[in-house]
Amino acid sequence: MTQQPVAVVHLTAPAARVITTELRTADHTTETGGILLGHHTRDTVTVHHAGTPGPAAVRTPTYFLRDLAHAQALADAAFAADSSVWVGEWHTHPTGRPVPSARDTATYRDLLDDPELGFHSVIAVVFAPRQGRWTGAAWTCHGRRVAPVELTISPVDGPR
Ligand SMILES: [Zn+2]
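A short tour of the structure in this document, coming up. Computed from a prediction, not measured in an experiment: that's the story for all the values here. (Residues numbered from 1 in each chain as written. Predicted model: local features only at pLDDT ≥ 70, side-chain atom pairs only at ≥ 80, totals over all residues. Heavy atoms only, no water.)

**Quick notes on the coordination of the zinc ion**
With distances of 2.0 to 2.7 Å, the protein atoms coordinating the zinc ion are His-91 (NE2), His-93 (NE2), Asp-104 (OD) and Asp-104 (OD). Classification of the site at the zinc ion rests on its four donor atoms, whose angles at the metal span 52 to 161°, yielding the label irregular. Asp-104 gets classed as buried once you look at its relative accessible area, which sits at 3%. (Donors = N, O, S within 2.8 Å, 3.2 Å for Na, K, Ca; no water. Tetrahedral: all angles 85-135°; square planar, octahedral: opposite > 155°, others 65-115°. Buried < 20%, exposed > 50% of the residue type's maximum accessible area, 1.4 Å probe, protein only.)

The following block contains the structure:
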């Protein structure tokens, strides 16, 4: 299978709804986040499902690591629903910028280095507050490089 380098990350409305709800309701003294599941087609990763942190997630003011069992259950359900696969993760930087930290990048490289996971690229969407609003930025980690990519988000219906 040939996949082009990722140029665009698109969050569908169902995925965006999970993230906006978590951003609205979470305690932002620590980071929050979850996994992203979807499809990588040509140069675009379409995210159909976004995870919540899960009860065993590691959440500190400067670091987030998913709850593996929670993530695996979501991954199984997403694959059954529409063949979505694990494409990356999203998380917050409540007091920083929406840029992966050195520790984030090390985590993504560990995922890329695990042949059983079969990642072509790891997608990271990082949210940080800017002028009172959560602002997201998408990144792709491929080989040894982390690069910014375009982020598009479907409108979420209902109360914000
Ligand atoms: Zn981070």
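**Re the sheet that holds strand S1 (residues 8-11)**
With respect to topology, seven strands assemble into a closed barrel ordered S1-S3-S2-S6-S7-S8-S9, the strand pairing being mixed. Going from strand to strand, the sheet's axes swing by 35° on average, the running direction of each strand aside. Across six bridges, strand S2 (residues 33-41) lies against strand S3 (residues 44-50) in antiparallel orientation. Of the residues in S3, the one forming a bridge with Thr-41 is Thr-44. Relative to S2, helix H2 (residues 68-82) is tilted by about 30°, and along the sheet it contacts S2, S3 and strand S6 (85-92). (Pairing = 2+ DSSP bridges. Helix = DSSP H or I, 4+ residues; strand = E, 2+ residues; numbered from the N terminus. Axes fitted to C-alpha atoms, helices over the stretch in contact; angles between N-to-C directions. Contact = heavy atoms within 4.5 Å.)

**Examining H2**
With 15 residues, H2 ought to run about 21 Å at 1.5 Å a step, and its terminal C-alpha atoms sit 21 Å apart, in line with that. Two to three positions downstream of the cap, the backbone nitrogen of Ala-69 sits 3.2 Å from a side-chain oxygen, assigning the N-cap of H2 to Asp-67. (Expected span 1.5 Å × (residues − 1). Polar contact = N/O pair within 3.5 Å; in protein donor to acceptor, adjacent residues only side chain to side chain.)

**A closer look at unusual backbone geometry**
Here the phi dihedral of Arg-42 falls at roughly 50°; this positive angle occurs in a residue that is not glycine. Looking at the element boundaries, Arg-42 is found in the loop between S2 and S3. Of note in the backbone geometry, Ser-83 takes a positive phi value of approximately 60° without being a glycine. Secondary-structure assignment places Ser-83 in the loop between H2 and S6. Residue classification places Ser-83 among the partly exposed residues on the basis of a relative accessible area of 43%.

**So, the pairing of S2**
Of all nine residues that make up S2, seven are buried, and the element is covered over most of its length. Looking at chain direction, S2 and S6 are connected through six bridges and run antiparallel. In the strand pairing of S6, Gly-38 is matched with Val-85. In this structure, the hairpin formed by S2 and S3 is closed by a connection of two residues, where Arg-42 is found at a positive phi of approximately 50°.

**As for the packing of aromatic side chains**
According to the stated counting rule, one finds two aromatic pairs in the structure shown. Ring centres of Trp-86 and Phe-119 lie 5.2 Å apart, and the angle between their planes is 65°; this geometry places the pair in the edge-to-face category. Of this pair, Trp-86 sits in strand S6 while Phe-119 sits in the loop between helix H3 (102-113) and strand S7 (122-130); the two residues are 33 residues apart in sequence, bridging distant segments of the chain. Ring geometry for Trp-90 against Phe-127: centres 6.0 Å apart, planes inclined by 85°, an arrangement best described as edge-to-face. Placement of the pair is Trp-90 in strand S6 and Phe-127 in strand S7, with a sequence separation of 37 residues. When sorted by exposure, Trp-90 lands in the same class as Phe-127, which is buried. Taking the ring centre of Tyr-63 as reference, the NZ or CZ of Arg-103 above it sits at 3.6 Å. (Phe/Tyr/Trp six-rings, centres within 6.5 Å; stacked < 30°, edge-to-face > 60°. Lys NZ or Arg CZ within 6 Å of the ring centre and 35° of its normal.)

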